Protein chains: 4
Amino acid sequence: MPRFVLTLRCPDRPGIVRGLASGVFSIDGNIVDSSQFSDVTTGGFFMRMEFDAPDVNGDEVHTHLAAELAEFDPELTIRPQEQRRRALVMVSKQDHCLVDLLYRTGLGELPVDIPLVVSNHETTRATVEAHGIPFVHLPVSTDTKPEAERQLRELVEEHDIDFIVLARYMQIVSDETCEALYGRIINIHHSFLPAFKGAKPYHQAFDRGVKVIGATAHYVTADLDEGPIIHQDVAHVNHAVGPDDLVVIGRDIERLVLARAVRLHAEDRVLLNGHRTVVFD
Amino acid sequence: MPRFVLTLRCPDRPGIVRGLASGVFSIDGNIVDSSQFSDVTTGGFFMRMEFDAPDVNGDEVHTHLAAELAEFDPELTIRPQEQRRRALVMVSKQDHCLVDLLYRTGLGELPVDIPLVVSNHETTRATVEAHGIPFVHLPVSTDTKPEAERQLRELVEEHDIDFIVLARYMQIVSDETCEALYGRIINIHHSFLPAFKGAKPYHQAFDRGVKVIGATAHYVTADLDEGPIIHQDVAHVNHAVGPDDLVVIGRDIERLVLARAVRLHAEDRVLLNGHRTVVFD
Amino acid sequence: MPRFVLTLRCPDRPGIVRGLASGVFSIDGNIVDSSQFSDVTTGGFFMRMEFDAPDVNGDEVHTHLAAELAEFDPELTIRPQEQRRRALVMVSKQDHCLVDLLYRTGLGELPVDIPLVVSNHETTRATVEAHGIPFVHLPVSTDTKPEAERQLRELVEEHDIDFIVLARYMQIVSDETCEALYGRIINIHHSFLPAFKGAKPYHQAFDRGVKVIGATAHYVTADLDEGPIIHQDVAHVNHAVGPDDLVVIGRDIERLVLARAVRLHAEDRVLLNGHRTVVFD
Amino acid sequence: MPRFVLTLRCPDRPGIVRGLASGVFSIDGNIVDSSQFSDVTTGGFFMRMEFDAPDVNGDEVHTHLAAELAEFDPELTIRPQEQRRRALVMVSKQDHCLVDLLYRTGLGELPVDIPLVVSNHETTRATVEAHGIPFVHLPVSTDTKPEAERQLRELVEEHDIDFIVLARYMQIVSDETCEALYGRIINIHHSFLPAFKGAKPYHQAFDRGVKVIGATAHYVTADLDEGPIIHQDVAHVNHAVGPDDLVVIGRDIERLVLARAVRLHAEDRVLLNGHRTVVFD
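What counts and how
Residues numbered from 1 in each chain as written. Chains lettered and ligands numbered in written order. Predicted model: local features only at pLDDT ≥ 70, side-chain atom pairs only at ≥ 80, totals over all residues. Heavy atoms only, no water. Least-squares fit on C-alpha atoms with pLDDT ≥ 70 in both. Contact = heavy atoms within 4.5 Å. Helix = DSSP H or I, 4+ residues; strand = E, 2+ residues; numbered from the N terminus. Axes fitted to C-alpha atoms, helices over the stretch in contact; angles between N-to-C directions. Parallel < 35°, antiparallel > 145°, perpendicular 65-115°, else oblique. Left-handed = near helix turned anticlockwise from the far one by under 90°. Salt bridge = Lys/Arg side-chain N within 4 Å of Asp/Glu carboxyl O. Buried < 20%, exposed > 50% of the residue type's maximum accessible area, 1.4 Å probe, protein only. Pairing = 2+ DSSP bridges. pLDDT = per-residue confidence, 0-100. Phe/Tyr/Trp six-rings, centres within 6.5 Å; stacked < 30°, edge-to-face > 60°. Lys NZ or Arg CZ within 6 Å of the ring centre and 35° of its normal. Buried area = accessible area lost by both parts, 1.4 Å probe. Polar contact = N/O pair within 3.5 Å; in protein donor to acceptor, adjacent residues only side chain to side chain. Nonpolar A, V, L, I, M, F, W, Y, C, P; charged D, E, K, R; others polar.

A. Region of interest: the relation of the copies chain C and chain B. Each copy of the sequence occupies a distinct position, and chain C is placed on chain B by a rotation of 180° and an axial shift of 0.0 Å, giving an RMSD of 0.0 Å. Here the transformation between the copies is reduced to the relation of a two-fold axis. The position closest to the rotation axis in chain C is occupied by the C-alpha of D100 of chain C, lying 4.6 Å away. Of the residues that chain C buries at the interface, 100% are likewise interface residues in chain B, meaning the two copies contact each other through the same surface.

B. Highlighting the side chain of E267 of chain C. Looking at the secondary structure, you find E267 of chain C in the loop between α8 (243–266) and β12 (270–273). Ignoring anything within four residues of it in the chain, the contact list for E267 of chain C reads V5, R48, R79 and P111 of chain C.

C. Layout of the relation of the copies chain C and chain A. Note on the copies: chain C fits chain A at an RMSD of 0.0 Å, the axial shift is 0.0 Å, and the rotation between them is 180°. Comparing interface residues between copies, 100% of those in chain C also lie at the interface in chain A; the contact surface is shared.

D. Focus on the packing of helix α8 (residues 243–266) of chain A against helix α3 (residues 96–107) of chain D. Where α8 of chain A meets α3 of chain D, the axes come as close as 13 Å, and the angle between the chain directions of the two elements is 135°. Judged on the interaxial angle alone, α3 of chain D and α8 of chain A are oblique. Classified by chirality, the crossing of α3 of chain D by α8 of chain A is right-handed. On the side of α8 of chain A, the interface is formed by R251, D252 and R255 of chain A, while α3 of chain D contributes D100, Y103, R104 and L107 of chain D.

E. Seen up close, the pattern of salt bridges. In total, this model carries 112 salt bridges over all chains according to the counting rule given. Residue E122 of chain A is joined to R125 of chain A by a salt bridge in which the shortest nitrogen-to-oxygen separation is 2.6 Å. Residue classification places E122 of chain A among the partly exposed positions, given a relative accessible area of 39%. Taking the shortest distance from any N to any O, the salt bridge between R255 of chain B and D100 of chain C comes out at 2.7 Å. Of this pair, R255 of chain B sits in helix α8 (residues 243–266) while D100 of chain C sits in helix α3 (residues 96–107), which puts the two residues in different chains. Note on R255 of chain B: relative accessible area 8%, which makes it buried. Three or more residues are tied together by salt bridges with common partners; here these are R3, R48, E50, D52, R260, R263, E267, R269 and D281 of chain A.

F. Quick look at the sheet that holds strand β7 (residues 135–137) of chain B. All names here are of chain B. Judged by pairing direction, the sheet is mixed, and its seven strands sit side by side in the order β7-β6-β5-β8-β9-β10-β11 without closing on themselves. Each end of this open sheet is capped by a strand with a single partner; those strands are β7 and β11 (229–236). Averaged over all pairs of adjacent strands, the angle between their axes in this sheet comes to 20°, without regard to strand direction.

G. Here's a closer look at the pairing of strand β10 (residues 212–219) of chain A. Residues and elements named next belong to chain A. Counting buried positions along β10 gives eight out of eight residues, so the element sits mostly inside the fold. The alternating pattern of β10 places V212, G214, T216 and H218 on one face and I213, A215, A217 and Y219 on the opposite face, and all of these are buried. Judged from the four bridges that link them, strand β9 (residues 185–189) and β10 form a sheet pairing that is antiparallel. The residue bridging I186 from the neighbouring strand is Y219, located in β10.

H. Main features of the confidence of the model for chain A. Confidence along chain A averages 96 in pLDDT terms, with 100% of residues attaining 70 or more. Predicted complex metrics record ipTM = 0.95 and pTM = 0.97.

I. A look at the packing of aromatic side chains. Counted under the stated rule, the structure contains 14 aromatic pairs over all chains. Considering the side-chain rings of F192 of chain B and F196 of chain B, the 6.1 Å spacing of their centres and the 80° angle between planes classify their relative orientation as edge-to-face. Across this residue pair, the class does not change: F192 of chain B and F196 of chain B are buried. Three or more aromatic residues joined by ring pairs make a cluster, and in this case those are F192 and F196 of chain A together with F192 and F196 of chain C. Sitting over the ring of F206 of chain D, R276 of chain B keeps its end group 3.8 Å from the ring centre.

J. A look at the interface of chain C and chain A. Of the residues lining the interface, 32 residues belong to chain C; the matching set on chain A comes to 32 residues. When the two sides are added together, the surface that chain C and chain A hide from each other amounts to roughly 2800 Å², 57% of it contributed by carbon and sulfur. Linking chain C to chain A there are two salt bridges. Among the salt bridges present, the one from E226 of chain A reaches R208 of chain C, with a minimum N-O distance of 3.6 Å. Connecting chain C to chain A are 20 residue pairs in polar contact (both at pLDDT 80 or more). Mapped by element, the contributors of at least two residues to the side of chain C that touches chain A are α7 (201–208), β11 (229–236) and β13 (276–279) of chain C. The dominant element in the side of chain C that touches chain A, judged by the number of residues it contributes, is β11 of chain C, at seven residues. Here the side of chain C that touches chain A is built from residues that sort into 16 nonpolar, nine polar and seven charged.

See the structure below:
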């Protein structure tokens, strides 16, 4: 039996779970996993469900369940699990996150398809092409930025991209692209936000003398380093660790945090809740 | 509206969630939290749910939902959330876990009632009585053990105890009591089981030269240190840490791990799954 | 043989360790522990040493070693280990850090003497006095603040206090006191600084939707929440954790972080390095 | 000025640090880092030091300092820091640890030279050769094992190998090789030893229902999974994580733990202390 992944957001009211469970039952489905969250501060209801169902395709299932739940006016996504999310990865010169994502994808750890990698530098071309993935060089200067971003959005369209991963991509994405792809661009910032926004966070961390450093995976918004946070983690450091050592230690946190955020997003486990996230893990 | 906490175990089949959701809906209830787990290796289905419902008492709700779910032959527990679980705490001479449990309970962190504390020593009497809780001295020797355990089971009966917490209680509980209260006695063992079973685990850990130590909260079974694990945590240590230092470091892990296990159990978040546990946290 | 604890700060130059080792050797001492740090960015040298030495008192040892090291112009502290640091603890209404410090001190985990506890409220009097420690109520209003701080500094003088611990003390300490006791007042802030400075950090953290929360123990300076950091730790949280839950989770981090910072300071393991710290642990 | 790394083991006695500091001073050296440990249970003294010294080569420095310390009968190693340790990496089919070690070495994170990789399978040849490192296929069967190990020891000799890294090498190393290279073979075991020795530790962990899993880097001894532990780390897991998921989660711990152990060893930070280790980090 094929498995389906469903997410649902709507105002909280009695009967949603019953409606959904009845809908799944009526197509001979079996619920194999389900998580829900009622946000008492906003009255929002959030759900993620996995169910098995025979002899139906994704569109039919969607139509059927959407009808069943019509009274709740939900935002509903339904996807056959085997139809993997498609990610476009962007990178500049540092390749530790890129290499990690490619390795995990190859191993089957990360359920994503990566149809292409885009970079503003040529540095990582060989690495990418060795994985059999097309590499697109999209240089960015102040003058060419609008045109480069236009091309980027075309690539997203053309390759049917679900989401973009900024794997240490050192350019600021324009407001226009942020809005067009809201909730669909994941960035890794090398500090435990909201501490150390902006440039050179490890140097900022060294100057402040903190005893933990961290990394944050978040959705990109026009408001730099302020987007909804998906995942964070930290490492302990001491006085003997200089800025360059922080960069080394940070690489491990960055790649773990980004890989986890990509997996969570690709498995439809992250639902936006205003400028916060609901993460069903 | 009063809130109810429900747990359910049964063989996995389509329709359980629908049945339950319909049942809650039919008493005008609203599901506010729900977690489930299907164990593919055993075919078991596990669920914990919180729902609000008006004008009904716990017994009526239980009767109603049990009828709704009869075809699934579930093990079902339903409890008004305000009716707190009753814990009997047992302790020997070391009081760090006891003091922590009493402090958290007083602060409202731990949703339990502690009607009495039982010890095989007089050491902690003043501490316990300062919290207004009766202290029962139940000395144990080889000769008196069967009688002492009989008295313990009487106290459990008499005080309507839901579960027992062994907060560094240094006596082995008899097979008879283990069986009578299966899944209702929580022990804290001062190692990350299954490493360092038996006596003096910190000394064993020192001798082995491990770089992490830990603590394990588990249900007590006749098979010593083999019961189902509820929660574990660890701390990093280095070569300079001697056995006595391990004891000090371990105290912090023990009290955190035990307090969390007690909270999980008291909130009906731990379901037995053979010799393993399902923990909905 | 009595044990001595030594700390030393001076500009880095060849020969310091030799001078110190010769000095200890010449009084028939044996070095049992030693840590050092050369700060390449500032040229500073930092050292902590424990040594055993017979038949000498602390003043004589100090005179002797200071002479031996005179050419390096060091800031030198030498203390017989058995002569414990004296801490004055300040608290407002929340007592979780206070209770923890008192319990650890009673158990011998924390090598400090606490001659008195000072509070701007009466709330914790019974708790403090139950430990046989004098409790001083020092109310603070806008009008009385200068006088209250004068009294505080008198108490510090009178009781020969080495350092002050702000164990969730909810008043801002005046610049005058900060300067008079620079590097001798430890505060626990309930966030991973520099994130969430100021009031209600857990509510700020909730609003920002972070996935980790933390606590920071730091020296108090006139610049609020900007003092040198001694220790930090964090816990992972998720979307279901509301502001009140953050407060509960935070209490565990706060008391662990503060207890560790107090132990580090009381064992002379924290040396100031500008607005950063060197922590020999 | 060239930097030297020194390690020293000897029975603890007054005067060692003085002797060493004088020795370094007499060759116009400057101590830039130093750590020591006195094991009170065995009377052993352990030290690691980094110092800068002009115009001298490693052998001269060794001769000079050995003479200075002769009375203490020390085991002394001295190495110019720029002369990197040489590691032979062994692997079977799973390549996550291998790939990680090669990537970190290429990035300059790991101060080792890897002159060759040896495997009992051909699986990883392309990966290894893509890094410009010779790959040696050394198949092992019951019959060929003695001969294969003889060849291995020859490769160690021929390539002037300092230590061997078993990066998920699934063959048991013979007692003869263990003894010949005692303290020079690092293995990664995929459990927090001493729990789950032997085969399939993740499946054992699943069966036992533990809530943490881990990995252990240790020196290999004839006594399987009993060698001195260098580093360990763990991850939290829950009931929903099956054996295959444990393998995925475990990969991250394994590569982090092994990479750290290799770095520690390559920087001469690990000193054997019986069947335990002293790790100066």
